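Summary of the model geometry
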Amino acid sequence: MHRIASLQRNEKNFVSSEINYIEALSLLEILGESNIIKKRKAYVYSNLGMVFDELKQYEKSIKYYNLSLKIKRGLQGDNQKSIFISYNNLGNTFKHSGQLDKAIKMYAIVLNDKVFIKKNPALYAIVLDNYADALYLSKNHERLPELYLKALRICDSVNATYRVIIIHQHLAEFYDYKKQKDSALYHGYKAKEISEQFYKDDLLKSLLVLSKIETDSTAVKYYEAYINLNDSILREERLERNKFARIQFETDQYIKETKRLSTQNILISVISGILVLVLGLLYFIRVQRSKNKALKFSSEQEKANQEIYRLMLQQHTKQEEGRLQERHRIAEDLHDSVLGKLFGTRMGMGFLDLKGNKGTLEKHKRYIEDLQDIEREVRDISHALKKENELSKTSFQSILEAYLDKQSDIGGFSYVFKKDTDVNLEQLNEHTRVEIYRMIQEAIQNIIKHAKADTIVISFSLKENVLEIKVKDNGMGFDANKNYKGIGLKNIASRVSKLRGSHQITSNLNKGTELNIHIPI
């Protein structure tokens, strides 16, 4: 699970990566507290810190880095390098969130260990560069650019070619700030030259740096190259995510086909047994006639349930259509009108040949950068609205969540809705969806009436063509060994039976209750 999450993080699918890392933590909790399990937990916590840093949720990132550090300090063996990597990552998050004093403190913890520096010069150079960048951002330039250059020399001494890209980028920005144009251009082009051999993300940053330190048409050329490369990277990331999903789907299809063939072989071997059952079926038919009235009533009830579901879906569809149309309109207005005007204004201001004192020119530059930040925010908001517009569809899941939203307000509880990626509720037939909805409805009503819970978790997963539904609460619980005959539990049992499934209830006093339902698909 955590390996899938790591692949998704590398492909910048941070939301899915977060979900799988959390699922991996849940599985690790079951496995105990051995040293190897603790190492895995520390690894997952550290990666969650990276994910939330990329998502700019800095408080959560800091929280998970600290959890990782806490575990690493208690592990057996030599974990100093791993601990110092966490300090460096934590410092980066503090730097990204503007907490520069705390960032400098984290980097200093690593840099003050002289023994470790000799053992890990490459890591030392990385931390030294980050430390120098934090000093630059905090306007403390007394030791600059010497610290940058020292980090550069260390990387050269250990042939860490890739590591020098970001150092050259930082030096280019520093010299540009100091108005030392020749030095800024030297390091900017050096970063671009080296980054062309490696990842496109590094080249992207190098092009952006050059667009800032170059002038006139050359700056525009590099900014256009930056935009084109950024679009290319986004397209490749989407293709990789689609490829990942396709591989997973094809693997699932292969497994299903293998199981189908295995089942087919079994069926051939039991055909003779079916002949023996024919006589039993004749007897069953006679008994079944006496149940016709009950079946007729059940059929009419089922039709009523289907009509209720259809009306709920119709009402929900109308609400969704109105909301999505408005989001679509806002997203287009932001992207096509506001963003275009901002970009035109910024480019116009960028080409003005202003003359004035140093303070005035710096303000002009800062205002242009502010406009660029505003453009980025508007673009992100527009894309977010568009994305939600594309993904938000009227579905059985949305009907369930709408019901849970309403009941959570009535019952005073919070809920978590989980669904594995291979579960497609929309593929279930209407009869099955109505029964599932009613079972969840019964379970929630029981929790509100009896459990006094403040948290409920509803999850859907698929295992070997069996849909597993869990409804778990942290309420009062009860003695599950006693024979409770409440109408709610009877209704759930009846509906599970209609779907040829099974269910179990696990509960302990003051420890909550868990309802597990298994339905063959």
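The text that follows walks through the structure, step by step, so that each part is easy to find.

Each helix and strand counted, the protein chain has 18 helices and five strands in total. Residues classed as buried in the protein chain amount to 37% of the 521 residues present. Pairs at least 24 residues apart make up 61% of the contacts formed inside the protein chain by residues separated by at least 6 positions. Surface accessibility of the protein chain: about 31,400 Å² in total, with carbon and sulfur atoms responsible for 54%.

Our focus in this paragraph is a positive patch on the surface. Taken together, the side chains of Lys 114, Arg 143, Lys 150 and Arg 153 present a region of like positive charge at the surface. Along the chain, the position of Arg 143 falls in the loop between α8 (121-137) and α9 (146-157). A relative accessible area of 46% means that Arg 143 is categorised as partly exposed.

Tallying each qualifying case throughout the model produces 10 salt bridges. A salt bridge links Lys 95 to Asp 133; the shortest N-O distance between them is 3.1 Å. In this pair, Lys 95 is assigned in helix α5 (residues 80-96) and Asp 133 in helix α8, connecting sequence segments 38 residues apart. The class of Lys 95 is buried, set by a relative accessible area of 10%. Owing to a relative accessible area of 7%, Asp 133 belongs among the buried residues under this scheme. A salt bridge links Glu 468 to Lys 463; the shortest N-O distance between them is 3.6 Å. By relative accessible area, Lys 463 is classed as exposed at 52%. Each of the salt bridges in this network shares a partner with another, and the network as a whole consists of Lys 463, Glu 468 and Lys 470.

Moving on, we come to helix α16 (residues 396-411). Between its first and last C-alpha, α16 extends 22 Å over 16 residues, near the 22 Å set by a 1.5 Å rise per residue. For α16, every residue scored as buried is listed here: Phe 396, Ser 398, Ile 399, Leu 400, Tyr 403, Leu 404, Gln 407 and Ser 408.

Glancing now at the environment of Leu 48. Here Leu 48 lies in helix α3 (residues 35-54). Given a relative accessible area of 0%, Leu 48 falls into the buried group. Expressed as a C-alpha distance, the spacing of Leu 48 and Tyr 21, which sit 27 residues apart in the sequence, is 6.9 Å. Excluding residues within four positions of it along the chain, Leu 48 makes contact with Glu 18, Tyr 21, Ile 22, Leu 25 and Tyr 64.

With respect to burial, strand β5 (residues 513-520) is a largely interior element, six of its eight residues being buried. In the sheet, strand β4 (residues 502-507) pairs with β5 via six bridges, with the strands oriented antiparallel. Paired with Thr 506 across the two strands is Glu 514, which belongs to β5.

The subject of this paragraph is the sheet that holds strand β3 (residues 466-473). Across the sheet, five strands lie side by side as β1-β2-β3-β5-β4; this open sheet has mixed pairing. Single-partner strands in this sheet number two, and they are β1 (414-419) and β4. On average, adjacent strands in this sheet sit at an angle of 10° to one another, irrespective of strand direction. Here helix α17 (residues 430-451) sits on the sheet in contact with β2 (455-463), β3 and β5, set at roughly 15° to β3.

Another aspect to go through is the side chain of Ser 211. Along the chain, Ser 211 falls in helix α12 (residues 200-213). The residues contacting Ser 211, other than those within four sequence positions of it, are Ala 219, Tyr 222 and Tyr 223.

Approximately 590 Å³ is the volume attributed to the second largest pocket. Residue assignment for the lining of the second largest pocket shows that the elements contributing at least two residues are α17, β3, α18 (487-498) and β5.

Direction of pairing for β2 relative to β3: antiparallel, over a ladder of eight bridges. Bridged to Ile 458 within β3 is Val 471. Hairpin connection from β2 to β3: two residues lie between these consecutive antiparallel strands, with Glu 464 at a positive phi of about 55°.

Another aspect to go through is the environment of Lys 221. As for its position among the elements, Lys 221 is in helix α13 (residues 216-289). For Lys 221, a relative accessible area of 47% translates into the label partly exposed. Along the chain, Lys 221 and Leu 210 lie 11 residues apart, while their C-alpha atoms are 9.6 Å from each other.

Our focus in this paragraph is the packing of helix α10 (residues 164-177) against helix α11 (residues 181-195). Any two packed helices are characterised by the angle at which their axes cross and by the distance between the axes. The geometry of α10 relative to α11 is characterised by a closest axis approach of 8 Å and an angle of 160° between their N-to-C directions. Taken together, the axes of α10 and α11 lie roughly antiparallel to each other. Considering how the two elements wind past one another, α10 and α11 form a crossing that is left-handed. Of the residues in α11, those touching α10 at Val 164, Ile 165, His 168, Gln 169, Leu 171, Ala 172, Tyr 175 and Asp 176 are Lys 181, Ser 183, Ala 184, His 187, Gly 188, Lys 190, Ala 191, Ile 194 and Ser 195. When its residues are assigned to classes, the contact of α10 with α11 shows eight nonpolar, six polar and three charged.

Where α17 contacts α18, the two axes come as close as 9 Å, and the packing angle between them is 160°. Here α18 runs roughly antiparallel to α17, going by the angle between their axes. The two elements α17 and α18 cross, and the hand of that crossing is left-handed. In contact with Glu 435, Arg 438, Met 439, Glu 442, Ala 443 and Asn 446 of α17, α18 contributes Gly 488, Leu 489, Asn 491, Ile 492, Arg 495, Val 496 and Lys 498.

Let us now look at unusual backbone geometry. Residue Pro 145 follows Leu 144 across a cis peptide bond; omega there is 10°. With respect to the helices and strands, the residue Pro 145 is situated in the loop between α8 and α9. Even without glycine at this site, Asp 216 takes up a positive phi of about 55°. Its place among the elements puts Asp 216 in helix α13. With phi around 65°, Asn 465 is a residue other than glycine that occupies positive phi space. Mapped onto the elements of the fold, Asn 465 is located in the loop between β2 and β3.

Cut-offs and rules
Residues numbered from 1 in each chain as written. Predicted model: local features only at pLDDT ≥ 70, side-chain atom pairs only at ≥ 80, totals over all residues. Heavy atoms only, no water. Helix = DSSP H or I, 4+ residues; strand = E, 2+ residues; numbered from the N terminus. Buried < 20%, exposed > 50% of the residue type's maximum accessible area, 1.4 Å probe, protein only. Contact = heavy atoms within 4.5 Å. Areas by Shrake-Rupley, 256 points an atom, 1.4 Å probe, with all protein chains shown as cover. Patch = residues over 30% accessible without salt bridge, like charges linked within 9 Å, V, L, I, M, F, W, Y side chains within 5 Å. Salt bridge = Lys/Arg side-chain N within 4 Å of Asp/Glu carboxyl O. Lys, Arg positive; Asp, Glu negative; His and termini not counted. Charge placed at Lys NZ, Arg CZ, Asp CG, Glu CD. Expected span 1.5 Å × (residues − 1). Pairing = 2+ DSSP bridges. Axes fitted to C-alpha atoms, helices over the stretch in contact; angles between N-to-C directions. 1 Å grid on protein atoms, 1.4 Å probe; cavity = no way out; pocket = protein on both sides within 12 Å on 5 of 7 lines; lining within 4 Å. Points joined across faces, edges and corners; volume = space filled by probe spheres on them. Parallel < 35°, antiparallel > 145°, perpendicular 65-115°, else oblique. Left-handed = near helix turned anticlockwise from the far one by under 90°. Nonpolar A, V, L, I, M, F, W, Y, C, P; charged D, E, K, R; others polar.

So yeah, pure geometry; function would need other evidence.
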